[in-house]
Amino acid sequence: MTSVLAIAEHRRGELRDVSDELISAGRELADDLSGELHIAVISGQVEEFARTLSREGVDVVHTVAAGSEFNHDIYVQAVERLTAELDPSVVLMPNSVNGLDYGPAVANRLDRPLVTDVVGASFEDGFVATREMYGSKVETTVEVDAERVTVMIRGGEWPGASGNGDTEIRETEIEIDESAVHTTVTGFEEVGGGDVDISDAEVLVSVGRGIEEEANIELIEELADALDATLSSSRPIVDNGWLPKNRQVGQSGKTVTPEVYIAIGISGAVQHVAGMKGSETIVAINTDPNAPIFDIADYGIVDDLFDVVPALIAEFE
Ligand SMILES: Cc1cc2nc3c(=O)[nH]c(=O)nc-3n(C[C@H](O)[C@H](O)[C@H](O)COP(=O)(O)OP(=O)(O)OC[C@H]3O[C@@H](n4cnc5c(N)ncnc54)[C@H](O)[C@@H]3O)c2cc1C
């Protein structure tokens with residue numbers, strides 16, 4: 001009866017938001033197929049994670065207590081065994097750093113087509129996915145001519161499931177073939193240093209090239225402090241070495257979906273917008289009334305950031 005098997009994502013002891021997004025996407029696909037949604041959580045504190053994943057719309061949560069933290073070989077084996085047991089039409093995985101590590105290997109082992117970086121999905125006569133191309137300038141529709149598929153969804157494209165359910169939690173014993181485990185996780189290091197994950201922030205204050213020079217970033221930091229927000233940026237700020245890479249929003253940075261995104265001195269190039277268009281409320285401050293960021297902003301201030309930001313700090317402090 002299973003039709004969708006989703007693989008939850010966790011990192012350093014915490015479930016990631018994309019796990020709830022996988023539930024929303026998985027439920028939609030399971031409804032298209034009139035089937036069940038199963039979600040599996042592999043390694044780490046699986047019991048605690050399973051309780052959180054017991055959302056409305058989930059039929060079964062599988063716990064696979066193998067390995068203590070993310071491990072490529074264990075994930076590949078676990079997803080392969082679960083798929084053999086449940087025979088889902090869709091194996092749904094996150095298009096995250098972890099997902100991109102094990103997803104293609106899973107598809108290869110299962111001998112199923114793989115559609116990556118999916119932003120929309122449905123089952124009609126077959127599986128149909130929406131993907132973006134050319135820096136999000138073009139949307140493409142992919143129809144897959146196969147009954148069973150593997151799919152990786154982009155974070156921030158589906159709303160996160162939130163309602164608590166009374167889901168069956170099934171402890172799934174999987175015998176891992178240790179001779180096929182060739183990797184060991186020895187630790188975790190955030191690229192670019194720092195322990196901030198901008199994709200988890202509720203309020204982001206984001207700075208762009210309008211800030212002119214590195215010393216002026218302090219002004220934006222003051223605003224972030226006053227708002228209890230997290231500081232992020234466009235790519236030139238990172239390319240200049242003014243902020244670490246883990247602060248970059250966009251196509252080659254992180255995808256973020258905060259409640260509020262304040263874009264300061266950011267023009268709104270497609271590669272930037274690709275990473276923040278899912279924000280709930282967008283506020284833009286820019287001297288150029290024709291800056292593309294105003295096309296997607298909910299609130300816009302056409303003025304000099306060096307006048308506006310100190311006024312906002314004074315207001316919020
Ligand atoms: C393959 C590829 C991947 C890329 N990936 C990313 C990515 O992940 N993230 C990303 O951000 N970019 C990315 N880019 C770069 C992207 O194309 C833009 O160059 C970049 O987003 C521009 O950054 P910006 O808006 O800060 O700067 P600019 O485009 O230079 O805009 C600065 C803005 O500040 C305004 N301004 C100037 N002075 C003031 C002032 N005093 N007060 C208020 N406003 C002022 C200007 O009017 C202007 O609109 C990528 C490009 C490529 C080719």
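Residues numbered from 1 in each chain as written. Predicted model: local features only at pLDDT ≥ 70, side-chain atom pairs only at ≥ 80, totals over all residues. Heavy atoms only, no water.

The name given to the chain in an unreviewed UniProt entry is Electron transfer flavoprotein alpha subunit, with the source organism recorded as Halalkalicoccus jeotgali. Its UniProt record, at the heading Sequence similarities (unreviewed entry), says of the chain: "Belongs to the ETF alpha-subunit/FixB family." (UniProt positions renumbered as here; feature names shortened; annotations may be inferred.)

**Examining the overall build of the chain**
Looking only at helices and strands, the chain has nine helices and 17 strands in total. Relative to its length of 317 residues, the chain is compact, with a C-alpha radius of gyration of 21 Å against a globular reference of 20 Å. Seen through its C-alpha atoms, the chain measures out along the principal axes to roughly 60 × 45 × 35 Å. Expressed as a percentage of the 317 residues in the chain, the buried residues total 50%. For the chain, long-range pairs separated by at least 24 residues make up 65% of all intrachain contacts whose partners lie at least 6 apart in sequence. Of the roughly 15,000 Å² that the chain leaves accessible, carbon and sulfur atoms contribute 43%. (Helix = DSSP H or I, 4+ residues; strand = E, 2+ residues; numbered from the N terminus. Rg over C-alpha atoms; globule rule 2.2 N^0.38 Å. Buried < 20%, exposed > 50% of the residue type's maximum accessible area, 1.4 Å probe, protein only. Contact = heavy atoms within 4.5 Å. Areas by Shrake-Rupley, 256 points an atom, 1.4 Å probe, with all protein chains shown as cover.)

**A look at the site of the ligand**
Close to the ligand lie 25 residues; Ser-234, Gln-248, Ser-252, Ser-267 and Asn-286 are nearest. A distance of 2.9 Å separates a nitrogen atom of the ligand from a polar atom in the backbone of Leu-305. In isolation the ligand exposes 980 Å². Once the protein is present, 74% of that is buried. Every element with two or more residues in the shell around the ligand is listed here: helix H6 (235–239), helix H7 (270–276) and helix H9 (305–316). Partitioned by chemical class, the residues of the shell around the ligand number six nonpolar, 14 polar and five charged. (Near = heavy atom within 4 Å. Polar contact = N/O pair within 3.5 Å; in protein donor to acceptor, adjacent residues only side chain to side chain. Nonpolar A, V, L, I, M, F, W, Y, C, P; charged D, E, K, R; others polar.)

**Concerning the pattern of salt bridges**
On inspection of all chains with the given rule, the structure shows 15 salt bridges. A salt bridge links Arg-154 to Asp-117, with the nearest nitrogen and oxygen atoms 2.9 Å apart. Taken as a pair, Arg-154 in the loop between strand E11 (149–153) and strand E12 (168–171) and Asp-117 in strand E7 (residues 114–118) lie far apart in primary sequence, 37 residues in all. Exposure remark for Arg-154: the relative accessible area of 11% places this residue in the buried category. Arg-170 serves as the salt-bridge partner of Glu-168, at 2.9 Å between the closest nitrogen and oxygen. One network of salt bridges, in which partners are shared, links Asp-117, Glu-132, Arg-154, Glu-157 and Lys-277. (Salt bridge = Lys/Arg side-chain N within 4 Å of Asp/Glu carboxyl O.)

**Structural notes on the sheet that holds strand E5 (residues 60–64)**
Ordered in space as E7-E11-E6-E1-E4-E5-E12, the seven strands form an open sheet in which the pairing is parallel. In the strand order of this sheet, the two ends are held by E7 and E12, each with one partner. Strand-to-strand twist in this sheet, taken as the mean axis angle between neighbours without regard to direction, amounts to 20°. In the sheet, strand E6 (residues 90–94) pairs with E11 via five bridges, with the strands oriented parallel. For Pro-94, the partnering residue across the bridge sits in E11 and is Ile-153. In the packing of helix H1 (residues 17–32) onto the sheet, the strands contacted are strand E1 (2–7), strand E4 (36–42), E6 and E11, and the crossing angle to E6 comes to about 155°. (Pairing = 2+ DSSP bridges. Axes fitted to C-alpha atoms, helices over the stretch in contact; angles between N-to-C directions.)

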